[in-house]
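One letter stands for each residue in the lines below.
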Amino acid sequence: MTLDLIALRQSWKSKKEGLLAGRKPTGNPQPLLESLAKHADRILIQVWKSLGMPASMALLAVGGYGRRELFPYSDIDVLILIKNEPTQLQRTQLEQFIGIFWDIGMELAHSVRTVEQCIAEAAKDVTIQTALIEHRYLTGSRTIAHQLKNAINASIDPKQFFQAKILEMRQRHLKFEDTPYALEPNVKEAPGGLRDLHIILWVAHAAGLGNSFPALSHSGIISTSEARRLTRNERFLKRIRIALHGVSHRREDRLVFDLQTPLAEYFGFKAQQRGEQFRRASEYLMQAYYWAAKAVMQLNRVVLQNIERVIFHTEASEPVFINEEFCIREGRLDISYPQVFEKRPAAMLEAFWIFGQHAEIKEFAAPLLRALADSRQKIDKNFRQDPANRSRFIDILQLKNGVTKAFRAMNQTNILGRYLPAFRKIVGQMQHDLFHVYTVDQHILMVLRNLRRFIIADHAHEYPFCSGLMANFEKPWLLYIAALFHDIAKGRNADHCLLGMNDARKFCREHGLTREDTSLIVFLVEQHLTLSKTAQKEDIHDPNVVQAFARLVKTERRLTALYLLTVADIRGTSPKVWNAWKGKLLEDLYRATQRVLGGGTVDPSAELETRKQETLRILRLHAFPEAQQAAFWNTLDVAFFLRNDPQDIAWQTRILATHVGAPEPIVRVRLAEVGEGLQVMVYVADQPDLFARICGYFDSLGFNIMEARIHTTHLPDGSRYALDTFLINDKDRATHYRDILSLLELQLKERLLKVAPLPPPSTGKLSRKSRTFPIPPSVDWRPDEQGKFGLLSLIATDRTGLLYTVAGLLSNYHVNVHMAKIMTLGERVEDSFLVDGPILQNPKMQLQLEQELMKALSA
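Structure report, in brief. (Residues numbered from 1 in each chain as written. Predicted model: local features only at pLDDT ≥ 70, side-chain atom pairs only at ≥ 80, totals over all residues. Heavy atoms only, no water.)

## What about the nonpolar core?
Membership of the largest hydrophobic core comes to 103 residues, with the highest contact counts inside it found for Leu44, Ile76, Phe97, Leu216 and Ile307. It is helix 13 (residues 281–311) that provides the largest number of residues to this core, a total of 13 residues. Apart from residues no more than four positions distant in its own chain, Phe97 is found in contact with Leu44, Val47, Trp48, Leu51, Met53, Leu59 and Ile80. In this structure, Phe407, Phe423, Phe523 and Trp581 belong to the second largest nonpolar core, which totals 100 residues. (Core = buried A, V, L, I, M, F, W, Y, C linked by side-chain atoms within 4.5 Å. Buried < 20%, exposed > 50% of the residue type's maximum accessible area, 1.4 Å probe, protein only. Helix = DSSP H or I, 4+ residues; strand = E, 2+ residues; numbered from the N terminus. Contact = heavy atoms within 4.5 Å.)

## Describing the environment of Lys475
Tracing the sequence through the fold places Lys475 in the loop between helix 23 (464–471) and helix 24 (477–485). Judged by relative accessible area, Lys475 falls into the partly exposed class, the value being 31%. The contact partners of Lys475, leaving out residues within four places of it in the chain, are Asp517 and Arg557. Of note is the side chain of Lys475, whose polar atom sits 2.8 Å from the side chain of Asp517. (Polar contact = N/O pair within 3.5 Å; in protein donor to acceptor, adjacent residues only side chain to side chain.)

## Here we look at the sheet that holds strand 11 (residues 666–671)
Strand pairing in a sheet relies on backbone hydrogen bonds, with the paired strands running either antiparallel or parallel. A sheet is described by the order of its strands in space; here eight strands give the open sequence 11-12-14-13-17-18-16-15, paired in antiparallel fashion. Since the sheet does not close on itself, it has two edges, and those belong to strand 11 and strand 15 (778–783), each with one partner. On average, adjacent strands in this sheet sit at an angle of 15° to one another, irrespective of strand direction. Examined bridge by bridge, strand 15 and strand 16 (residues 790–797) share six bridges and lie antiparallel to one another. Bridge assignment links Pro783 to a residue of strand 16, and that residue is Gly790. Strand contacts of helix 27 (residues 530–537): strand 16, strand 17 (816–825) and strand 18 (828–836), with the helix running at about 135° to strand 17, the strand carrying the most contacts. (Pairing = 2+ DSSP bridges. Axes fitted to C-alpha atoms, helices over the stretch in contact; angles between N-to-C directions.)

## Side note on unusual backbone geometry
The phi dihedral of Glu177 is positive, around 60°, even though this residue is not glycine. If you trace the backbone, Glu177 turns up in the loop between helix 8 (158–175) and helix 9 (194–206). We classify Glu177 as exposed; its relative accessible area is 69%. With phi around 55°, His249 is a residue other than glycine that occupies positive phi space. Of note, His249 is situated in the loop between helix 11 (224–248) and helix 12 (257–266).

## Some remarks on the sheet that holds strand 1 (residues 58–61)
Strand order across the open sheet formed by four strands is 3-2-1-4, with mixed pairing between neighbours. The open sheet has two free edges, formed respectively by strand 3 (108–114) and strand 4 (136–140), since each of these has just one partner strand. Ignoring which end each strand starts from, the neighbouring axes of this sheet average 25° apart. For strand 1 and strand 4, the ladder comprises four bridges, and the chain directions are antiparallel. Within strand 4, the position partnered with Leu60 by the bridge is Tyr137.

## Overview of the pairing of strand 8 (residues 326–329)
Where burial is concerned, the two faces of strand 8 agree: the one with Phe326 and Ile328 and the one with Cys327 and Arg329 are both buried. Hairpin connection of strand 7 (residues 320–321) to strand 8: four residues between the antiparallel strands. As judged from the four bridges shared by strand 8 and strand 9 (residues 332–335), these two strands associate in the antiparallel manner. Paired with Cys327 across the two strands is Asp334, which belongs to strand 9. Where strand 8 hands over to strand 9, the hairpin turn is made up of two residues, of which Glu330 adopts a positive phi near 55°.

## Some thoughts on the packing of aromatic side chains
Under the counting rule described, the total for this entry stands at 25 aromatic pairs. Judged by centre distance (5.8 Å) and plane angle (65°), the rings of Tyr289 and Tyr290 are edge-to-face. The class for Tyr289 is buried, based on a relative accessible area of 0%. On the numbers, 5.6 Å between centres and 80° between planes, the contact of Phe465 with Tyr590 is edge-to-face. Here Phe465, found in helix 23, pairs with Tyr590, found in helix 30 (residues 580–597); they are 125 residues apart in sequence, far enough to count as distant. An aromatic cluster is defined as three or more aromatic residues linked by ring pairs; in this entry it consists of Phe383, Phe393, Phe407, Tyr419, Phe485 and Phe507. It is Arg558 that lies over the ring of Phe523; its NZ or CZ is 3.9 Å from the centre. The ring of Phe641 has Lys612 sitting right over it, with the charged end atom 5.1 Å from the ring centre. (Phe/Tyr/Trp six-rings, centres within 6.5 Å; stacked < 30°, edge-to-face > 60°. Lys NZ or Arg CZ within 6 Å of the ring centre and 35° of its normal.)

## Points about helix 34 (residues 646–656)
Here helix 34 lies mainly inside the structure; nine of its eleven residues are buried. Regarding helix 34, the residues found buried are Pro646, Asp648, Ile649, Ala650, Trp651, Gln652, Thr653, Ile655 and Leu656.

## Observations concerning the pairing of strand 13 (residues 704–714)
Most of strand 13 is tucked away: eight of the eleven residues are buried. Pairing of strand 13 with strand 14 (residues 720–729), which is carried by ten bridges, proceeds in the antiparallel orientation. The residue of strand 14 that forms the bridge with Glu707 is Leu727. What sits between strand 13 and strand 14 in their antiparallel hairpin is a turn of five residues, with Gly718 showing a positive phi close to 95°. Of the pairings in the sheet, the one linking strand 13 to strand 17 comprises three bridges and is antiparallel in character. Of the residues in strand 17, the one forming a bridge with Arg709 is Met819.

Listed below in C-alpha cells is the structure:
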C-alpha cells in the first residue's frame, strides 16, 4: 500500500486543530484527550500496516498515551516490541517507519526492545517500569505483546515499586522547592500537579487496587467524596494543561508569565478595579490553580498513606494516647476514633495545638486529615464566637515551640482560612509587584517563620541584633498576630494597611486582648511599611526625619516591635530583596530613634561634635597626624558630618587631608563595610553632569548603585569640589571585588578627565515577568519639611540604563542631587533623591521634568 504523506500530514494537523477548536473551558477534558489518542492510533496503525512491518513485532502505546491521554503537543510515546535483535532489513524498516512520523509532523518518542530488554531496563529505572505498566496494544503480534504483559506483571513487586515512586516523588518535589506556589508552576510536574495524581493510580494499579479514582473508592482506599475531589481537581489541571498547549502551540506545561493572561481570559476570568486596588485576570486564574494544587497535595498524602498500609499489610500500630481524642501512631498525629470532630468540633483547633507541642510528630495521619476535610465546614460563625475556641487559638500562638509548624499545617488543611475568613480570601493570591515571590498567604507565614527564628537559639547567628531584641521582648506572640494581619487585606478596594488594621482590632477585641496589647498590634499593622520607607527613602541622618519618626512610634517597645516585624517582612518577600545594606539602614534608624525616645538628643550641633570626636578617635587608631584633618574639614558643612558615619569620614579624611583642591580627580574604591559590594569615593572639581557621568560609568559595567551621597565642598578661594560616595554591587556576576579595585579607580578617573557629551544610555531587554506585569511608573515631587530641598521619588520597572537616564534628565534641568537612595526590589525600583536648584521655585519647570521622567520610566 502506498502512503500519501501529504494527506497524512494534513489529516493529522486538521483533525487535531478541529478537536482543539471544539474544546471548552469547562467540563470533562477526558474525551478530547482520548480523541487525540484515538486519532494518533489510527495513523500509527495505518502506517505500520502500509509498510508491512514484520509479523513478529508489535507496536504498543506507553506512558500517558498508553492510558489514552494525549495532550495536543505532547510526545507520542511508543514501544516497538521485537522478538530478537533486528536484522539489517528489519532495521531499515524500523527507520523508515519512525522517519515517516517526522515527515508528517507527529512527534514520536520511541524505543525498540525485546521483552527481556524491557524487563531489564524496568528493573534499573522506575520511570521505564511505570511507562510499561501503562502499555496498550496497538497493532502487530498479539503473542509478543501478551508475553510482555505477563512478564511485567510477574516482575513488579508492589512494595518496591511503591517505595521507588515515593522516593521519585520526593526528589521531584525538591526540584520545585517542595511548594506548589511557584510563580510559574509546572502543571504536570510541580507539587500538586498532575504527576501527584498519576502516582496514586500507578502504585494502586501495581498493587491491584484499581486504576481509577472510582475504583479506589469502591475498594475502600478512599471515600466517595475524596474520589469526587480528586476527579474535580484532575479535570481542572487537565483543562489548564490543554489550554497551555493550545494557546502556546507548543509542548508547554508551565504557567509562564506571558501565557497567564491569555489563559485567564480563555477561562473567563476578568480583571477588576476595586477602588484603589487592581487585580489582573491572571491573578484570579493563578489563585484557582493554587487552590487546586493545594488540594491535590493534601489528597495525595491521604491516599498514599492508605495505599501504603494496604501494600505493606501494616495493621494499625499500638497508639500512644495523648488524651481521649488524639494519639500518636507511627510518628503521626491521629484521632482516637473517627467521630472525634463530629462529636466535638473544637477538637479541630486542639489538633494543631498538640501538633505544635510535640516535636516528634512530623505530620498528620490520613484518618485525621480526612476527618478535618470532612468537618472543617463546622468552623462557622458560632464556632468562631465560642470563647473556648478563641482561647485555644491564642494558645497556639503562645506555644513555646512549633508555632510555625502548627500554622503551616492549619493553612495546608484550610483550617486557618475557616477560622479567619479574611485569611481565606488571600490564600493563593499572587502578588505581581515584581518583588514578592510568594502568594500572600505564604508570605504571611514566611514572616511568621522569620519572627520565630529570631527567638530560636539555633538561628541566633543569622540576625544577632534581632535575636537579642526578641529575647527581651515581652509577649512575642503579639508580633505573630501582627504578622498574620499585616497583609491580610491585600487585594481589597482600599489601603491594605488600614483595612488590615481594622481586621486586627476586631480580632483583638474578640479574643480578649488588653487595650495596651491591642494598641500595639493595631499600630504594627497600620504602620508596617513606615520604618522601611523612612529608612530607604528619606535622609535618616536628618534630625528632623528622626524626630518625626520618633513622634510616630512614641515608645521604645513599639519601635522594637516595628523593627522586628519590618526585618521579618522584608526577608519574607523574596530571598533576593534583603541585603546587608538595607539591614544597616533599618538598624541605623532604629538606634537613632531609640536615642531620641530614651531622652537623647538630635540637636545638630551636639550630634556634629559627637561625630567629629568619634572620627578623631578612629583616625588616631590609624596613627593619623593630630590636627592634619583641619584643612579638609574646613571645606565641609554640617550636613556632611550628619549624613556620614564616622568610619566613612575617617576613610575620606585619611585620603583627602593632604589633597584639598587637587588638580586631578581622586577616585578610591574599597570593599563595602557592610555586606557585599564596593564603596567608591570621588573627589573632583565640580562640573556639570557629574552625577550622570558617574552613573553612566557604573551602568556601562553592569553595576547597580544602591546609594549615592553627593556633597559639594567649598574651598577658601571660592572654588567648589564634589565629594561623592557610591555604594555599588554586581548582582548578576560572581565578581571578585578585591581584584578590580585598582581597575575601577583608574577607569573612572580617566572617564572624569574626558570632557565629552554624555553618551546615550545602554538598553537591555526586560524580563518576561517585567514585560507581562509591568509596574505603572510613578513620579512624586514634594518639598521637605523646611522647604530647603525637594524630595523626588520614582517607582518603575527596573531595566538597564534606567538610573543613568534619570540622572541625565536631572542634569538637563540643572537639578543638584545631594543624596540618592536606590532601592531595588526584585525587578521593581523605588528611587529617592534629595535635590535642590532653581527648579524648586519654578512649578512649571517641575511639571515639565515630571512629564519627561514619566515618559522615560514608561519607555
